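Next come the chains, spelled out residue by residue.
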Amino acid sequence: MSLHTLSYVGFNAPDLDDWRRYATGVLGMEAADQTDQTLRLRMDDKHHRIAVHKATAPGFAYSGWDVGTRAELDRLTAELAALGYPASDGTAEECTFRKVVEMRSFTDPGGNRVELFYGQLSGCPFNPARQFGGFKLGDLGLGHIVFITQHLDAMMTFYGVLGLTVSDYIYIKPVQSKAYFMHLNARHHSFALLSGPHEAFHHIMIEVNTLDDVGMANELALRQGRKVTMSLGKHTNDHVVSFYTMTPSGFELEYGCGGRIIDDLDQWQVVEYDDISYWGHLGPLRPPV
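Residues numbered from 1 in each chain as written. Predicted model: local features only at pLDDT ≥ 70, side-chain atom pairs only at ≥ 80, totals over all residues. Heavy atoms only, no water.

### Some words on the sheet that holds strand 9 (residues 143–149)
Spatial strand order, 17-10-11-12-9-13-16-15-14-18: ten strands in an open sheet with mixed pairing. Here the strands that pair on one side only, and so sit at the sheet edges, are strand 17 (272–273) and strand 18 (277–280). Summarising the sheet, strand 10 (residues 165–172) and strand 17 pair through two bridges and their orientation is parallel. Note that in strand 17 the partner of Y169 across the bridge is E272. Running at roughly 15° to strand 16 (residues 252–257), helix 1 (residues 16–27) makes contact with strand 13 (200–207), strand 15 (241–246) and strand 16 of the sheet. The strands touched by helix 4 (residues 152–161) within the sheet are strand 9, strand 10, strand 11 (177–183) and strand 12 (191–195), with strand 12 carrying the most contacts at an inclination of about 165°. (Pairing = 2+ DSSP bridges. Helix = DSSP H or I, 4+ residues; strand = E, 2+ residues; numbered from the N terminus. Contact = heavy atoms within 4.5 Å. Axes fitted to C-alpha atoms, helices over the stretch in contact; angles between N-to-C directions.)

### Points about the pairing of strand 2 (residues 30–34)
Side chains on a regular strand alternate between the two faces of the sheet. In this sheet, strand 3 (residues 38–42) lies alongside strand 2 in antiparallel orientation, the contact comprising four bridges. Bridged to A31 within strand 3 is L41. Between strand 2 and strand 3, which pair antiparallel one after the other, the connecting turn spans three residues.

### Description of the sheet that holds strand 3
The mixed open sheet is built from eight strands, whose spatial order is 2-3-4-1-5-8-7-6. A strand with exactly one partner marks an edge of an open sheet, and here the two such strands are strand 2 and strand 6 (88–89). As judged from the seven bridges shared by strand 1 (residues 5–13) and strand 5 (residues 59–66), these two strands associate in the antiparallel manner. Residue G10 lies in a different strand from strand 5, and its bridge partner there is Y62. Packing against the sheet, helix 1 makes contact with strand 1, strand 2, strand 3 and strand 4 (50–54), and its axis sits at approximately 10° to strand 3. Of the strands in this sheet, strand 7 (102–107) and strand 8 (113–118) are in contact with helix 2 (residues 70–82), which crosses strand 7 at around 20°.

### Considering the nonpolar core
Counting 59 residues, the largest nonpolar core has W65, L116 and Y255 as the members making the most contacts within it. Judged by nonpolar contacts, the second largest core, of 13 residues, contains I148, I170, A179 and L285. (Core = buried A, V, L, I, M, F, W, Y, C linked by side-chain atoms within 4.5 Å. Buried < 20%, exposed > 50% of the residue type's maximum accessible area, 1.4 Å probe, protein only.)

### Side note on the pairing of strand 3
Of all five residues in strand 3, five are buried; the element is thus mostly enclosed. One ladder, built from four bridges, connects strand 3 with strand 4; its direction is antiparallel. Residue L41 lies in a different strand from strand 4, and its bridge partner there is I50.

### With respect to a nonpolar patch on the surface
Where nonpolar side chains cluster on the molecular surface, the patch consists of L232, Y278 and W279 and spans about 310 Å² of accessible area. Judged by relative accessible area, which is 32%, L232 ranks as partly exposed. (Patch = residues over 30% accessible without salt bridge, like charges linked within 9 Å, V, L, I, M, F, W, Y side chains within 5 Å. Areas by Shrake-Rupley, 256 points an atom, 1.4 Å probe, with all protein chains shown as cover. Salt bridge = Lys/Arg side-chain N within 4 Å of Asp/Glu carboxyl O.)

### Brief notes about helix 5 (residues 211–223)
With 13 residues, helix 5 ought to run about 18 Å at 1.5 Å a step, and its terminal C-alpha atoms sit 19 Å apart, in line with that. Among the residues of helix 5, D213, V214, A217, N218 and A221 are the ones counted as buried. Each buried residue of helix 5 sits inside an arc of 140° when the element is viewed along its axis, so together they form one side. Residues D212, L222 and R223 are exposed on helix 5 and point more than 90 degrees away from its buried face. Lining the buried residues of helix 5 we find helix 1, strand 14 (228–235), strand 15 and strand 16. G225 lies just past helix 5 and shows a positive phi near 80°. (Expected span 1.5 Å × (residues − 1). Arc of directions from axis to C-beta.)

### Focus: the packing of aromatic side chains
Evaluation of the coordinates by the stated rule reveals 20 aromatic pairs. Among the aromatic side chains, those forming a connected cluster through ring pairs are F11, W19, Y22, F60, W65, Y85, F147, F158, Y159, F191, F201 and F251. The positively charged end of R98 is found above the aromatic ring belonging to Y62, 4.2 Å away from the centroid. R130 extends its terminal NZ or CZ atom over the ring of F132, reaching a point 5.1 Å from the ring centre. (Phe/Tyr/Trp six-rings, centres within 6.5 Å; stacked < 30°, edge-to-face > 60°. Lys NZ or Arg CZ within 6 Å of the ring centre and 35° of its normal.)

### Overview of the environment of D168
Following the sequence through the fold, D168 ends up in strand 10. Between the alpha carbons of D168 and A192 there is a distance of 9.9 Å; along the sequence they are 24 residues apart. Residues within four places of D168 in sequence aside, it is in contact with A179, Y180, F181, H188, N237, W268, V270, V271 and Y273. At 2.7 Å, the side chain of D168 forms a polar contact with the side chain of H188. (Polar contact = N/O pair within 3.5 Å; in protein donor to acceptor, adjacent residues only side chain to side chain.)

Take a look at the structure:
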């Protein structure tokens with residue numbers, strides 16, 4: 001048994017109120033709570049899926065992966081330690097804030113904080129900030145996250161220990177680099193890596209249940225004056241219909257629906273694509289000219 005799901009993420013931002021307007025008014029999330037230092041956002045019956053921490057420098061803070069049990073947490077801790085990635089035990093304060101029973105953190109080869117945990121608080125009522133059809137979560141997890149890295153082989157090894165396996169590849173012509181898409185449950189991918197000259201967090205994807213929800217969020221993003229970084233389009237590999245906006249944390253968020261499910265691994269074929277999308281997604285990775 002290995003990882004179950006990508007279950008929560010943490011970000012840094014200088015303006016929590018702007019994140020709240022974006023998350024509730026555009027994305028349809030619920031503000032679970034907010035202080036002058038933190039904002040926690042609910043998307044389903046989990047206490048929260050996204051935490052935003054007030055900081056001068058915006059960006060990615062951590063990812064949280066549900067490993068299911070204490071035994072699995074111990075096994076993965078030992079395997080990562082053997083590879084040279086020691087664990088730090090989550091403090092009582094950290095576990096209380098994340099609403100988990102136990103958590104341990106690691107630093108991946110790209111310098112990113114990775115948290116493995118079990119026992120996420122569930123059963124919380126979700127009251128979306130606007131009327132819509134809800135997020136596609138459950139056994140599929142939060143969505144996916146994508147990093148640019150100059151340590152591709154080491155990152156692949158690290159996340160391979162955690163149980164992530166390759167779904168497929170895309171050669172992205174504008175940057176002349178290959179992206180690696182990896183799954184750990186039936187979601188087409190929960191994690192992806194793009195080889196590059198530096199370390200960076202590229203985007204997070206969250207999935208909703210209907211195309212109408214995607215279209216409404218696209219309009220609301222424009223009405224709020226949010227920067228749409230990639231237009232509405234359909235990806236080649238996971239078939240998600242989505243658009244991308246710039247978040248108040250300085251990275252992109254993909255908002256989409258219709259993602260492929262890997263429900264039979266024996267029948268799944270790993271392939272490579274030479275374009276990120278069948279249509280649309282016009283932007284830096286798919287120039288309009």
